[in-house]
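Per-entry structural report
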Amino acid sequence: MAQQMAFAATSRDIRRRVRPKTVSEYGIARKTGNILMSVAGSSNIDKIGGTTKISADFQVDILVQPVIARMSAGLTKQQQLLMWPSVCQAAYDAYRTIIPCPQDRIPIRPHHVPRLLLPLIPFLAMAYLSRRPDTFYLRLLLLPLVICLIFGTYFRFMYADPELNIYNWGQGIFAELICGKAIDFAWRREGMLKADETKPGVLAKLSSVSHCSNGSSDGGASSCKEISSYTAPPRNTSLPPWLHDSFEVVFTMRGLGWQFGTDLYIPRDPRPSERSAFLWATATSTFKHFLIFDTLESLIKLVPEVGSPHGGTIFKHNLPISQRYILSTAIHLATGTCLISGFEMVHGCITLFALIALSSSPEMWPPLMDNPWICDSLHVFWAKRWHQVFRQTFLVYGGFLGKLLAGDIGMLFGTFFASGMYHECAAYMLGKGFHWPVVLFFMSQALLLLLEKLWRRTTGKRLAGIYGRLWVYSCIFVMAQPLVDSWYSRGLGGGLMIPPGISPARRLFIPLLRRAEEAVGFGPLSAMQMFLDGEI
C-alpha cells in the first residue's frame, strides 16, 4: 500500500513539475501521469523501472526525444525512467492511429471512394503552390497535413478479396509516390523549376515575347515581365493555365524539361519522329509487351502455390536441388521480363493517350528503358538501362539525407536503402508482415557498386564483355531471388493483373495448347507439370 501511494505521488509530482510549452507536450505529460497512476495499482511495480518491451514495428524513441528532454528537466532519474515506457507507447499509438495494423484495416466499399480521393485535394494544392513564387513557408505548413492524409487514408483502407490483394500493393506504391512528390514540392525554397527558369514562370533569358498581366504583348511596359509559356493558355486543351501547370508538375516523373532532371540519361529513341509513324510504332510496341506480359503472367499462375492468391515459395523443397533452382531461376527470369514488359506497356498506353488526347509531341516521350538485357556493368544497369521513374522519389526519401550525412557514399547507400524500404513498405500492404530480404537486396546493390568501382580503380579497366554481363546477371538474377520469393510467398503471383476476359493467353493460347496435348498425348504444359512433380 505504501509503494502504491509513493508511485501515485510520483505521477502527481510529474504533473506539477513538468510545465509543457505546447499543446502536444501537455497531452503527453497528462497521459504519462494517468498511466503511472494506473500502474501504481498493478502487481508488477518492481518491474516499472527496468526494461519494458513495447510491441512496436519501428523504434520511435528518437522522434520524441527532444520533447522528453524538455519534459524531464528537473526530474529525478527514477522519474525519467518511469516516463519513457509510457511516452514510447503514446508515440506508437499515434503511429498506429495513422497507419493501423493489417487486421484493423477497413475493406473498401463504394461509399469509401470520396474518402480515397480526399488526399488528392491538398496534394494538388501543394503542386499548385510549388509553381508559384514566395510560397515556401506555406508549403512547409501544408506538408504534415498532406503526409498524414495520404498515409492515413491509403494505408487504412484495403481490398478484402485475396485476388485483389495486389491492388493493396499498388495502393501502397501510389501513396509512397505522391507523398515523396509532396515532400519534393515542399522542401525546395524556390519551388519546382523548369530547366530554363530562375523562379516559377520566370525565364532565365529574355525572349522576343512578353506576356503581360493585362493580356497584351508589350515588351517595353514596366508592368510586364518575362515568364514561361504556362501563363499563356495551353494549346489544344480546355484546362485553365494554372491547372494545366499543376498537372504537369504532378505527372512528371523523370524530370524531362525540369531542373531536377537535367542530369537524367535519356535513351536513344528508335521510333521515327514523324507523328503518325511514331504513333504506329508506339501502339505496336505496346501490344507486343502486353502479349509478353500476359503470357508469362499466365504461365506463372500455373505453378502450384506460387500462382495462388495465398502465396507460396518459388523454392520447391519437394524437388531435387538442381531442379529446385532451375525452377526458381525460371520464375525469376519470367518475373523480370514481366516487370520490363509491364513498365513498357503502361508507358506506351500513357504515351498514346498524351499524343492523341492532349496533343503532346513525340519528343516528350522517349523510351523508358534501354535494353537492360545487354548490360555488362552494374553501374550502367542502374544508372542508364533500367527505368528512372522512381529516381527522384528515392533521392527524396534517402539519397539527399545520405549525401548530407556522408557525402557521395552516403547518397549511394541512402538511395538504395530508400528503394528497398519503398518496395517493402508497399509489399507490407499485402498484410503478411515485413520482410527484410527485400531491403537487404537493394542495400547489397550499393555495396556491389562500390566493389565495381574499386575494381576499376585497381585494374584501370571497367567490367565489360562477357565477364561483365555474367557479373550483372549474378548480381540481379541470382541475388534477387529471395526478393522475388518474398513477393510470391505473400500472394503477389495470384493477383488479378490482367482480367481473364481480355487475356489472350488464358482465352486462346493455353486452351489451344491443352487441346493439342489431348490429341497428341504430350506437350509443353504436360512437361511443365511433370517437372513440377519431380518426375523429370
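Below: a short report on this structure. (Residues numbered from 1 in each chain as written. Predicted model: local features only at pLDDT ≥ 70, side-chain atom pairs only at ≥ 80, totals over all residues. Heavy atoms only, no water.)

1. Some remarks on the packing of helix H11 (residues 321-357) against helix H16 (residues 481-489)
Applied cut-off: The axes are straight lines fitted to the C-alpha atoms, using for helices just the contacting stretch, and the angles between their N-to-C directions are given from 0 to 180°. Runs of H or I in DSSP of at least four residues are treated as helices and runs of E of at least two as strands, each being numbered from the N terminus. In these notes the angle categories are as follows: under 35 degrees is roughly parallel, over 145 is roughly antiparallel, 65 to 115 is roughly perpendicular, and the rest is oblique. What makes two residues a contact is simply this: any of their non-hydrogen atoms within 4.5 Å. Each residue is assigned to one of three groups, with Ala, Val, Leu, Ile, Met, Phe, Trp, Tyr, Cys and Pro labelled nonpolar, Asp, Glu, Lys and Arg labelled charged, and all others, Gly among them, labelled polar.
Where H11 contacts H16, the two axes come as close as 10 Å, and the packing angle between them is 80°. By the angle class used here, H11 and H16 are roughly perpendicular. Judged by residue contacts, Ser328, Thr329, Ile331, His332 and Thr335 of H11 engage Gln481, Val484 and Tyr488 from H16. Among the residues making up the contact of H11 with H16, the classes are represented as three nonpolar, five polar and no charged.

2. Thoughts on the nonpolar core
Burial of nonpolar side chains together is a common tendency in soluble globular proteins. Using the following cut-off: For this analysis, a nonpolar core means a set of buried residues of the types Ala, Val, Leu, Ile, Met, Phe, Trp, Tyr and Cys, connected via side-chain atoms within 4.5 Å. When a residue's accessible area, from a 1.4 Å probe over protein chains only, is under 20% of the maximum for its type it is buried; when over 50% it is exposed; and in between it is partly exposed.
Grouped together as the largest cluster of nonpolar side chains are 48 residues, with contacts concentrated most on Trp169, Trp382 and Ile476. Mapped onto this core, the elements with two or more residues apiece are helix H8 (165-187), H11, helix H12 (378-385), helix H13 (391-427), helix H14 (436-459), helix H15 (465-478), H16 and helix H18 (524-532). Those residues in contact with Ile476, other than ones at most four positions away along the chain, are His332, Leu378, Phe381, Trp382, Phe441 and Gln445. By size, the runner-up hydrophobic cluster in this structure holds 27 residues, among which are Leu143, Tyr154, Phe155 and Phe157.

3. Comments concerning empty space enclosed by the protein
Put simply, the rule reads: Cavity: a set of points on a 1 Å grid over the protein atoms alone where a 1.4 Å probe fits but cannot get out. Pocket: an open set with protein on both sides within 12 Å along at least five of seven lines, its lining residues, like those of a cavity, having an atom within 4 Å of a point. Grid points are joined across faces, edges and corners, and a volume is the space filled by probe spheres set on the points.
By the definition in use, this model includes two cavities of 30 Å³ or more. The computed volume of the largest cavity comes to approximately 100 Å³. Lining the largest cavity we find 13 residues, and of these Gly180, Lys181, Asp184, Gln392 and Thr393 sit closest to its centre. Those elements that place two or more of their residues in the lining of the largest cavity are H8 and H13. Top element by residues in the lining of the largest cavity is H8. It accounts for four residues. When the residues that make up the lining of the largest cavity are grouped by side-chain class, the tally is seven nonpolar, four polar and two charged. Space inside the second largest cavity adds up to approximately 30 Å³. What lines the second largest cavity is Arg254, Tyr265, Pro267, Leu368, Lys384, Trp386, His387 and Gln388. The class makeup of the residues in the lining of the second largest cavity is four nonpolar, two polar and two charged.

4. With respect to the pattern of salt bridges
Let me state the cut-off plainly: Any Lys or Arg side-chain nitrogen located within 4 Å of an Asp or Glu carboxyl oxygen qualifies as a salt bridge.
On inspection of all chains with the given rule, the structure shows 14 salt bridges. With a shortest N-O distance of 3.7 Å, Asp376 and Arg462 are connected by a salt bridge. Within this pair, whereas Asp376 is found in the loop between H11 and H12, its partner Arg462 is found in the loop between H14 and H15, the two being separated by 86 residues in sequence. Overall, the relative accessible area of 42% leaves Arg462 in the partly exposed class. For Arg490, the salt bridge is made with Glu424, and the minimal N-O distance between the two is 2.7 Å. Taken together, the positions of Arg490 in the loop between H16 and helix H17 (504-520) and Glu424 in helix H13 put the pair 66 residues apart, joining distant regions of the chain.

5. Some details on H16
At 3.6 residues per turn, the α-helix brings residues three or four places apart onto the same side. Across the nine residues of H16, seven count as buried, placing the element largely inside the fold. Buried residues of H16: Gln481, Leu483, Val484, Asp485, Ser486, Trp487 and Tyr488, and no others. Residues of H16 that are buried in the fold lie against H8, helix H10 (275-300), H11, H13, H14 and H15. Looking one or two places after H16, you find Gly491, whose phi comes out positive at around 95°.

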